[in-house]
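# Structure assessment
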Amino acid sequence: MVGDGGPIMHDTALYQYLLGLQSPWTVSRVNLDVNGQRVDVWAEHPEDVAWVCPHCTKSLPLYDHAEERTWRHLDSCQFQTHLHARIPRVACGEHGVVQVKVPWAEPRSRFTLLFERLAIDVLSQCDVSGATRILRISWDEAWGVMQRAVTRGRARKQARIVRRIGVDEKAAAKGHRYLTLVCDLDEGTVEHIAEDRQQESLDGYYAGLTQEQLDGIEAVAMDMWEPYIQATRAQVPEAAEKIVFDRFHVMSHIGKAVDTVRKQEHRDLMAAGDETLKGSKYLWLYSRENVPERRRDAFAALMRQELKVGRAWAIKEALRGLWHYVYPASGWKFWKRWYFWATHSRLEPIRKAAETIRRHIDTIVTYYQHPVTNAMSEGLNSQIQKIKSMACGFRNTENFKTAIYFRCGGLDLYPC
């Protein structure tokens with residue numbers, strides 16, 4: 001056959017092999033359009049073939065064909081390759097007139113299985129806009145590939161007991177729109193995503209678990225957010241002994257108190273013309289070992305000045321020792337000493353933070369039985385933030401959830 005602007009083609013056998021077509025399907029013709037840099041391939045079958053109903057696998061004779069459909073296939077060198085075929089239909093007594101499954105593509109997909117595998121690989125390595133340019137597909141087509149991959153992966157995922165979970169939140173968009181994320185702390189995967197950060201958001205995850213899975217939960221790391229606490233207590237057996245308030249969030253409370261002390265003291269000093277604390281905001285947020293090398297001398301000089309914020313920072317740093325104990329009795333003894341120091345420091349923000357921690361101390365020290373943190377969740381949160389930044393934000397929350405599952409769900413995304 002003569003291609004549009006190209007040479008005569010005799011490549012049916014080649015494309016039969018490249019497409020992996022087997023009986024009863026054969027390549028009937030190939031058309032090359034050199035000017036359009038496109039190859040079109042047509043697949044056909046004999047009329048007397050029996051077909052299988054896709055729902056009940058009953059073998060049935062051909063009823064008729066659907067209209068010709070086109071699938072994008074892997075490029076032939078720099079030429080886009082498109083496969084054409086009319087899909088057979090069978091008349092099943094139980095399911096009516098239905099299209100049979102073709103071996104080269106999934107139902108309702110406009111791409112062959114091989115092209116979808118390539119698209120998944122590209123999408124997993126770059127953002128959607130970059131993938132559309134590399135693959136020469138539209139934005140909607142790229143998202144369609146991701147959505148089908150996630151749907152396929154989640155359907156395949158085997159039910160299992162997740163023994164240690166982390167519960168965290170992620171801002172989905174401006175205007176206080178949040179997502180609740182449930183992570184497997186051992187596998188480092190996102191197991192569940194729900195909109196908002198209400199009790200119902202986490203209830204949805206627990207409701208999807210069997211009693212065996214609920215019983216198998218050993219520890220739940222979370223921040224001190226009451227709706228998450230209530231959902232876990234309502235659904236997880238013996239939850240009071242399993243909830244572990246994440247030390248990152250506990251330390252963030254005391255860190256905010258240190259910053260409040262700094263603000264107040266800086267305001268008072270500036271009123272007297274003293275710029276001692278100017279430009280020191282972030283120094284007080286570091287832990288001792290993380291103070292930048294180039295700022296250590298300046299920080300040491302500030303600490304020698306007996307500033308209120310210096311005392312607040314020292315109290316904050318001391319609290320980190322709470323998680324260094326192995327035996328609960330020693331941890332409790334440390335806590336009592338630290339709490340007395342914090343509440344008698346004459347630093348009101350520190351005192352308030354200490355009181356907040358005291359109200360939750362029973363659940364904080366469950367760390368001694370279950371030494372877990374949300375560090376893995378925070379790591380996933382960083383990956384999710386990168387996804388969000390690469391996309392310059394998501395106006396569509398469902399697309400955001402799809403992107404998270406696609407990159408962080410630990411799913412088998414490829415078509416069979």
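This next bit is on the overall build of the protein chain. Per the secondary structure count, the protein chain includes 15 helices and 12 strands. For the protein chain, the C-alpha atoms occupy an extent of roughly 90 × 50 × 35 Å along the three principal directions. Considering the protein chain as a whole, with its 416 residues, one finds that 49% of them fall into the buried category. Sequence separation of 24 or more characterises 60% of the internal contacts of the protein chain that already satisfy a separation of 6 or more. Just so you have it, the protein chain exposes about 21900 Å², and 50% of that area is on carbon and sulfur atoms. Placing the 56 positive and 52 negative side-chain charges of the protein chain at their respective mean positions leaves the two points 7 Å apart.

Where helix α4 (residues 139-156) contacts helix α15 (residues 397-408), the axes come no closer than 9 Å and their chain directions differ by 60 degrees. By the angle class used here, α4 and α15 are oblique. In terms of crossing hand, the pair formed by α4 and α15 is left-handed. In this structure, α4 contributes Trp-139, Trp-143, Met-146, Gln-147, Ala-149, Val-150 and Arg-154 to the contact, and α15 contributes Asn-399, Thr-402, Ala-403, Tyr-405 and Phe-406. Classifying every residue of the contact of α4 with α15 gives eight nonpolar, three polar and one charged.

Now for the layout of surface pockets. Within this model, the largest pocket holds a volume of roughly 570 Å³. Around the largest pocket sit 15 residues that line it, and Arg-247, Phe-248, His-249, Met-251 and Ser-252 are the ones nearest its centre. Its residues assigned to classes, the lining of the largest pocket shows five nonpolar, four polar and six charged.

So, about the packing of aromatic side chains. Throughout the structure, instances matching the rule amount to 11 aromatic pairs. The structure contains a cluster of three or more aromatic residues connected by ring pairs, namely Trp-25, Trp-51, Trp-71 and Trp-104. Over the aromatic face of Tyr-405 sits the side chain of Arg-154, whose NZ or CZ is 4.2 Å from the ring centroid. Residue placement shows Arg-197 over the ring face of Trp-225; its charged tip is 4.3 Å from the ring centre.

Taken together, the side chains of Glu-212, Asp-215, Glu-238 and Glu-241 make up a negatively charged region of the molecular surface. Residue placement: Glu-241 occurs in the loop between α7 (226-235) and β12 (243-245).

It is worth spelling out the pattern of salt bridges at this point. Oppositely charged side chains can pair when the atoms bearing their charge come close. With the rule as written, the count across this model stands at 23 salt bridges. Note that Asp-259 is salt-bridged to Lys-263, the shortest N-O span being 3.8 Å. With Asp-259 and Lys-263 both in helix α8 (residues 247-271) and four residues apart, this pair spans about one turn of that helix. For Asp-259, a relative accessible area of 13% puts it in the buried group. Note on Lys-263: relative accessible area 42%, which makes it partly exposed. Taking the shortest distance from any N to any O, the salt bridge between Arg-351 and Glu-348 comes out at 2.6 Å. Placement of both Arg-351 and Glu-348 in helix α12 (residues 348-359) is noted, with a separation of three residues, approximately one turn of the helix. When its relative accessible area of 29% is taken as the criterion, Arg-351 is described as partly exposed. Salt bridges sharing partners connect three or more residues here, namely Glu-106, Glu-116, Arg-148 and Arg-152.

The predicted model of the protein chain has a mean per-residue pLDDT of 91, with 95% of residues at 70 or higher. In this model, residues 5-9 is a region of pLDDT below 50 whose contacts with residues beyond four sequence positions or in other chains number 13 contacts.

For the pair helix α2 (residues 113-125) and helix α3 (residues 128-135), interaxial distance at closest approach is 9 Å and the crossing angle is 140 degrees. What the angle tells us is that α2 and α3 run oblique. In the packing of α2 onto α3, the handedness of the crossing is right-handed. Between α2 and α3, the residues in contact are Phe-115, Leu-118, Ala-119, Val-122 and Leu-123 and Val-128, Ala-131, Ile-134 and Leu-135, respectively. Residue composition of the contact of α2 with α3, grouped by class: nine nonpolar, no polar and no charged.

Rules of the game
Residues numbered from 1 in each chain as written. Predicted model: local features only at pLDDT ≥ 70, side-chain atom pairs only at ≥ 80, totals over all residues. Heavy atoms only, no water. Helix = DSSP H or I, 4+ residues; strand = E, 2+ residues; numbered from the N terminus. Buried < 20%, exposed > 50% of the residue type's maximum accessible area, 1.4 Å probe, protein only. Contact = heavy atoms within 4.5 Å. Areas by Shrake-Rupley, 256 points an atom, 1.4 Å probe, with all protein chains shown as cover. Lys, Arg positive; Asp, Glu negative; His and termini not counted. Charge placed at Lys NZ, Arg CZ, Asp CG, Glu CD. Axes fitted to C-alpha atoms, helices over the stretch in contact; angles between N-to-C directions. Parallel < 35°, antiparallel > 145°, perpendicular 65-115°, else oblique. Left-handed = near helix turned anticlockwise from the far one by under 90°. Nonpolar A, V, L, I, M, F, W, Y, C, P; charged D, E, K, R; others polar. 1 Å grid on protein atoms, 1.4 Å probe; cavity = no way out; pocket = protein on both sides within 12 Å on 5 of 7 lines; lining within 4 Å. Points joined across faces, edges and corners; volume = space filled by probe spheres on them. Phe/Tyr/Trp six-rings, centres within 6.5 Å; stacked < 30°, edge-to-face > 60°. Lys NZ or Arg CZ within 6 Å of the ring centre and 35° of its normal. Patch = residues over 30% accessible without salt bridge, like charges linked within 9 Å, V, L, I, M, F, W, Y side chains within 5 Å. Salt bridge = Lys/Arg side-chain N within 4 Å of Asp/Glu carboxyl O. pLDDT = per-residue confidence, 0-100.

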